[in-house]
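Close look at the chain arrangement
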Amino acid sequence: MGKRKEKISSSIAWSTPDKISVRGLDLPNEILGHMNLGDLAFLQLTGRKATPEESRVFNAIVITLVEHGITPSALAARMTYMGAPESLQAAVAAGLCGLGTVFVGSMEGASKMLYEALPQDKLGTGVDLDALAVETVEKFRARKMIVPGLGHPVHKPVDPRTPRLFQIAAENGKSGEYIELIRKIQAVAEEKSGKMLPINATGAIGAICCEFGFPWKIVRGFGVMARAIGLVGHILEESENPISYELWQRAEQEILETSGPGAK
C-alpha cells in the first residue's frame, strides 16, 4: 500500500452551503448566463476561460461530434433502451462504450500520431514536414495498420466536415504545423496505397487538438462528452418512434432465411 497523502486536493471545484466554485469562478454569478456548454467544457479542462477565437474553434470541434446518424453507437444506445427503458443512463453508456479506434476515438490516435512525429518542443524549428509525413506513413504500413484520421466509408473524396473545421481553425489562429502535417500524411498515404483516403472529421479534430496543445490522452474525451448529447437525442426519438424492435425482428428473420432450416 502506498504512502498516504497528507492532504487530498483538487483544483476543479468545491462547494459550501452558500457557494459553488468551478475553476475559481462563482458558478451562479460568473458562469451561468455567461458561458455556453463548450466554453464551460474548455474551462473545466484547461482551468481558464477560452478566448473568443478559442471558443469558436473548440465549440466547432465538439458540435461536429454530437451527431452522425444511425451509427453503431446510436444503435447500441437504442437497443439497450429497448431492453431497459427504465435506465436511460445505461443506454447512453452502452453507446459510449463503442467509441474507440474505429469510431470517434480515432481522433485520439490521430493526435498521438502527430505528437509522436512532431513533438511540441520541435514546433517552429524548421522540421522537414514532408520527410516526417513519409516516415509516419511508412511506420504504419510496416505494421499493416490504418493511419488514424484518414479514410471514411461514406464521405469520399472529401469529408465535408474537414474543410470547414480547417477553415474555422485558420480564421481563429489555430492552423499551424500539425494541420499542415496531417495534410501531407494524407497525400503520402493516398500515393502509397493507391486508395482514396480523405482526412476525416476525427483526423481533422485530432490535428486541431494538437494546435491547442491538448494532451492526446484526453482528446477521445471530447468525443465522449459530445456524443453523449447526441445519444440522449436518439433515446428520446426511440421512445417516441421506436426502430430497435423492428431492426431486431428483421435481423432474426433474415438470419432464419439464410441460415435456418430450409435456407437456400
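Let us look at the structure shown here. (Residues numbered from 1 in each chain as written. Predicted model: local features only at pLDDT ≥ 70, side-chain atom pairs only at ≥ 80, totals over all residues. Heavy atoms only, no water.)

**What to know about the pairing of strand 1 (residues 13-16)**
Basically, it comes down to this: If DSSP finds at least two bridges between two strands, the strands pair. Each helix is a run of DSSP H or I of at least 4 residues and each strand a run of E of at least 2, with the numbering of both proceeding from the N terminus.
Taken together, the 4 bridges between strand 1 and strand 2 (residues 19-22) define a ladder with antiparallel strand orientation. In the strand pairing of strand 2, Trp14 is matched with Ser21.

**Details of the packing of aromatic side chains**
In plain terms, the rule: Note on aromatic contacts: the rings of Phe and Tyr and the six-membered ring of Trp form a pair at centre separations within 6.5 Å, being stacked when their planes are under 30 degrees apart, edge-to-face when over 60 apart, and tilted otherwise. Burial here depends on accessible area, computed with a 1.4 Å probe over protein chains only, as a share of the maximum for the residue type. Under 20% is buried, over 50% is exposed, and the range in between is partly exposed. Two limits define a charge over a ring: the Lys NZ or Arg CZ must be within 6 Å of the ring centre, and within 35 degrees of the ring normal.
All chains considered together, the criterion is met by 9 aromatic pairs. With 6.2 Å between their ring centres and 70 degrees between their planes, Phe42 and Phe214 make a pair best called edge-to-face. You can see Phe42 sitting in helix 2 (residues 37-46) and its partner Phe214 sitting in the loop between helix 10 (201-212) and helix 11 (216-240), a full 172 residues away along the chain. Each member of the pair, Phe42 as well as Phe214, is classed as buried. For the ring pair Tyr115 and Tyr178, a centre distance of 5.5 Å and an interplane angle of 80 degrees mean the geometry is edge-to-face. Taken together, the residues Tyr115 in helix 6 (residues 106-117) and Tyr178 in helix 9 (residues 177-193) connect sequence positions 63 residues apart. The exposure class assigned to Tyr178 is buried, which follows from its relative accessible area of 1%. Taken together, Phe42, Phe58, Phe212, Phe214 and Phe222 form an aromatic cluster joined through their ring pairs. The ring of Trp216 carries the charged tip of Lys112 above its face, separated from the ring centre by 5.2 Å.

**Quick notes on the packing of helix 6 against helix 11**
We count it as follows: Every angle, taken between N-to-C directions, lies between 0 and 180 degrees, and every axis is a line fitted to C-alpha atoms, over only the stretch in contact when it is a helix. Should an angle fall under 35 degrees it is called roughly parallel, over 145 degrees roughly antiparallel, and 65 to 115 degrees roughly perpendicular, with every other angle called oblique. Whether a crossing is left-handed or right-handed is set by the direction in which the near helix is turned from the far one by less than a right angle, anticlockwise for left-handed and clockwise for right-handed. In this description, contact between two residues means that some pair of their heavy atoms is separated by no more than 4.5 Å.
Interaxial distance between helix 6 and helix 11 falls to 8 Å at its minimum, and their mutual angle equals 155 degrees. As far as their axial angle goes, helix 11 and helix 6 are roughly antiparallel. Of the two possible hands of crossing, helix 6 and helix 11 adopt the one that is right-handed. Residues Met107, Glu108, Ser111, Lys112 and Tyr115 of helix 6 form the contact with helix 11, whose own contacting residues are Trp216, Lys217, Val219, Arg220, Phe222 and Gly223.

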